[in-house]
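# Notes for the structure review
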Amino acid sequence: MHLIIAEKNISANRIAQILAGSEKVRASKDGSVSTYSFDTKTVVGLKGHVVEVDFEPGYTNWRSEVHTPRSLIDAGIVKKPTEKKIVNLIQKLSKKADLVTIATDYDTEGELIGKEAYELVRAVNSTVKINRARFSAITPAEIRTAFENLTDLDFALAAAGEARQTVDLMWGASLTRFISLAARRGGKDILSVGRVQSPTLAMIVDRERAIENFVPQTYWMLSLLTEKDGVPVEARHTAGRFTDHDAALAAEAGTKEPLTVTDVKEGQKTDRAPTPFDTTTFIVAASRLGLSAANAMRIAEDLYMNGYISYPRTDNTVYPKSLNLNGILETLRGGVFDADVAWVQQHRRSVPTRGKKESTDHPPIHPTGAATREALGQDRWKVYELVVRRFLATLSPDATWTTTKCLFDASGEPYTATGGRLLSAGWRRVYPYSEAKENILPVFAVGERLPIRKVNLEEKQTQPPARFSQSRLIQVMEELGLGTKSTRHEVIGKLISRRYVEGNPLRPTLVGRAVTDALDNHAETITEPEMTRTLEEHMQLIKQRERSRDDVVDESREMLHRVFDKLEAHEKEIGDEIMGQTAEEHTVGPCPACGHELRIRHLGASQFIGCTGYPECRFNISLPGSTWGKAIRTDEVCKTHKLTHVRLIRKGSPPWTIGCPLCSHIASNIEALRMMPSMTDSLVERLHAHHIYTVSEIAGMQPHDLAGAAGVGAEEAGQLIREAGGALDILRRRSELRKFIRKIVPPKKGRSHAKITKSLVEQGVGDIRALSRSDSAVLKKAGIGETPAAELLAAARGLCNERTLREAGIPAVSLKKYQAGGIASPDDLCYLPVPYLASKTGINPETVHKHADMVCRHLGRPAPAKVTKTALERGRKELLAVPGIGEATVEKLYLAGIYDAATLREADPGEVSSITGIAKTRIHDYISHLK
């Protein structure tokens, strides 16, 4: 068997389909892992890395006095499976294989994944031949060529990946533990530090500091407005920026007619076509389409796996000679881009554009297959079209512009105006992402005099440096040698997910600044790019076989030990600095009750805003549970309460901005206050003035305290407390109703459970008991369909019946037996005969009578007649002695209250027949036998 190992399931499937040709591919599953077989070949996909590096056992306790954070630097490294099912299948198939081909992506990461697969195979089959397929696109031509020219694994390239894995683990784990322990942060609030992450964060913090420290300088710009043939023309003073106000005023005063044309220069300029996409330039271009770096790469990866574009992780900006550019153009013919492709083929430049970076691992990003908007969907099509149009632009002629520069004299003051007109669109015809702004000037002649319509002296100020966008940050990371083409967007994603940075463009959070400042002050090596760049250069030397993996890892250990020498000497200061700054991270403003600080508190799944003056001050504001997102403060401040706004953030969901927490608290509780009959607007104002906002607060107060706060008498205060208790009960039952609906009715767009509950309340259904008594028309009006409405009513009635039986005193064990026997409602126990109930449930008839009596008393109904176990057993024998009566008939007679010869003899045949379904004549026969 020839085993082929691909990087992911989707690429395994595609590679199998391509290699099989016209032969049918047999897809099957081993457990939950798919395989694709044809002829003697089987293709299986990994899930990226299926093993991970970790420290040897014994290093999991963060607070161990033996295994300190520094000890992680020299700790042993082991590999352990993360996808056990895939690992087991790979090894199971490897035992049967006589040839194994690694077909993972060809870059450092892909080669490392391939080496991991190689080691899994070798562990169970030490002699099987293992080779490597290298490709840059999952297209028929590329895959077939790769499998016709199989080579060996590049162990040096994989070793570079292994070195990076080990170095990143030891730096990240040891520094993260040290900083988190120093700042007393644990659980979900650990403070992450990383070899690439920290200098990247430091750049964002440094930029923010530069913005804050920026001192604007005032300057003045002088311009005038003239016209020719009705066309307005703006000309600017040739001095540019005036930094001297008096000089600007003098130039303004001296600007007088006549305005004379002193010089006209015309020319042409070439607008070069863009170079091919590498990873960084692709991310920059995608960001202009509104895509984050991570999202752009995710979509590009998906398009590559499905054969639409080439491998998106590349540093190359020069098309290799082996790339069939004509073939790619022909692939794109006949579809959406047919007219553009035809134009490019007709006007094609002699040599494609080329950038400054050239490598041999992968070509620049380019299209590899035809696609349609319908097949890809909006975002995937957006990225695919960008790649196609960039490719076409690199083969298109340059654009050309005509330029005009005019000089004017206004009574001795010099002015200039420039214009440009697109002479030949060239590449801009097929690449509309860069707008061509024309400014066409009228034709001027030297010596010509023009009117001055307006003179404008504009005061301006210099602006601080701009914050980094994600795409610009990736460019700077590349310039500084931070990270790789494959990891830079992931680093930014980690900074965002760890709440070190936020917004777009990026700005540091308080905790991001605190960590960076502490490291800057005591171990600047971590936050400066030199160390990371040096390690990246040395990893490059591993690829070139000029250094070994162990050599670079040992060098990194020495660097990290020197860092720890500084950190450990200042551990207390570092912890104090971080804790001092991050306290502000949770502070939302002054407590309205006592003036102390209000802070966001997280306790497991619950979170709230509490006063730091507790327990003397018990003021607090409730927040939605953390399942809705973790509460963080923002920079916006409420003008009324001077509190910062609060936002809930949850991975994979858009942020939920609550706004001012006290404004939100007041608004969310005002309706509940209005449920109290005695509540008035003036009373609400008086309560708010004393920081009383909820019915629960009122319900928990003493009458004399409430009387003082509300300005009412003691009797009225007592009434308010009772009304608040009643409102609380209503709210509790409504909350229970909403939770009950959420369990039964599935969520649906436009039909939230809150909306359903609100509609039911408006129709008078405010709790589960009222719901059980309602009908389908009420539920339909609330937006619930027929089937879920029936399920909801049945569940509500079942729950209410069970509650009534429990309230009457029916034990839980007996209740289960009644339910198992189909006895579900209180009415069943009140009106069904005791013999029947005992028979259906297996409960002693005396006990059944006792239970029935309890339920009837609870409901105010008459108790049923008592039947003893002895009487029931004797009566059963009497009934079975009657000809024609068997066990099944006895059960039916029980339902009519007939359990012995006496009750049968006195029965009304017609009535018994209607209850049991036994023919009236047969009942007459039974009775006649007794007489």
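So, here is what we can say about the structure in this document. Here the structure is a predicted model, which is why all the values come from computation and not from measurement.

### Thoughts on the environment of Leu-323
Along the chain, the position of Leu-323 falls in the loop between α9 (293-305) and α10 (325-332). When its relative accessible area of 15% is taken as the criterion, Leu-323 is described as buried. Sequence-wise, Leu-323 and Gln-217 are 106 residues apart; in three dimensions their C-alpha atoms are separated by 53 Å. Dropping the residues within four chain positions of it, Leu-323 is found in contact with Ile-328, Pro-363 and His-366.

### Thoughts on the pattern of salt bridges
Per the counting criterion, the structure on display carries 55 salt bridges. Between Lys-228 and Glu-448 there is a salt bridge, with the nearest N and O atoms lying 3.0 Å from each other. Placement of the pair is Lys-228 in strand β9 (residues 218-228) and Glu-448 in the loop between β13 (413-424) and β14 (449-450), with a sequence separation of 220 residues. Accessibility classification places Lys-228 together with Glu-448 in one group, the buried group. Note that Arg-380 and Asp-302 form a salt bridge whose closest N and O atoms lie 2.4 Å from each other. Of the two residues, Arg-380 sits in helix α13 (residues 378-394) while Asp-302 sits in helix α9, which places them 78 residues apart along the sequence.

### A closer look at the nonpolar core
Counting residues in each nonpolar core, the largest one holds 113 residues, and the members touching the most others are Trp-171, Leu-175, Phe-282, Ile-309, Tyr-384, Phe-391 and Leu-567. The residues touching Ile-309, leaving out its near neighbours within four places in the chain, are Ala-137, Ala-300, Leu-303, Tyr-304, Ile-365, His-366, Pro-367, Thr-368, Tyr-384 and Val-387. Of all hydrophobic cores here, the second largest spans 34 residues; its members include Leu-805, Ile-810, Ile-898 and Tyr-899.

### Concerning the pairing of strand β20 (residues 606-611)
In the sheet, strand β19 (residues 597-603) pairs with β20 via 6 bridges, with the strands oriented antiparallel. When the bridges of β20 are listed, His-602 appears paired with Gln-607. Where β19 hands over to β20, the hairpin turn is made up of 2 residues, of which Gly-604 adopts a positive phi near 65 degrees. In this sheet, strand β21 (residues 620-622) lies alongside β20 in antiparallel orientation, the contact comprising 3 bridges. If you follow Phe-608 over to β21, its bridge partner there is Ser-622.

### What about the pairing of β13?
Here is the key point about a regular strand: its side chains alternate between the two faces of the sheet. When strand β10 (residues 231-242) meets β13, the two strands line up antiparallel, connected through 2 bridges. Of the residues in β13, the one forming a bridge with His-237 is Tyr-415. Direction of pairing for strand β12 (residues 399-410) relative to β13: antiparallel, over a ladder of 11 bridges. Counted as the bridge partner of Phe-408 is Tyr-415 from β13.

### Let's talk about the packing of helix α6 (residues 197-213) against helix α16 (residues 510-522)
Interaxial distance between α6 and α16 falls to 10 Å at its minimum, and their mutual angle equals 100 degrees. The angle between α6 and α16 places the two elements in the roughly perpendicular class. Contact residues: α6 offers Ser-198, Leu-201, Ala-202, Val-205, Asp-206, Glu-208, Arg-209 and Glu-212, while α16 offers Gly-512, Arg-513, Thr-516, Asp-517, Leu-519 and Asp-520. Of the residues belonging to the contact of α6 with α16, the class tally is 4 nonpolar, 3 polar and 7 charged.

Criteria and thresholds
Residues numbered from 1 in each chain as written. Predicted model: local features only at pLDDT ≥ 70, side-chain atom pairs only at ≥ 80, totals over all residues. Heavy atoms only, no water. Helix = DSSP H or I, 4+ residues; strand = E, 2+ residues; numbered from the N terminus. Buried < 20%, exposed > 50% of the residue type's maximum accessible area, 1.4 Å probe, protein only. Contact = heavy atoms within 4.5 Å. Salt bridge = Lys/Arg side-chain N within 4 Å of Asp/Glu carboxyl O. Core = buried A, V, L, I, M, F, W, Y, C linked by side-chain atoms within 4.5 Å. Pairing = 2+ DSSP bridges. Axes fitted to C-alpha atoms, helices over the stretch in contact; angles between N-to-C directions. Parallel < 35°, antiparallel > 145°, perpendicular 65-115°, else oblique. Nonpolar A, V, L, I, M, F, W, Y, C, P; charged D, E, K, R; others polar.

The values reported here are purely geometric and, on their own, carry no functional implication.
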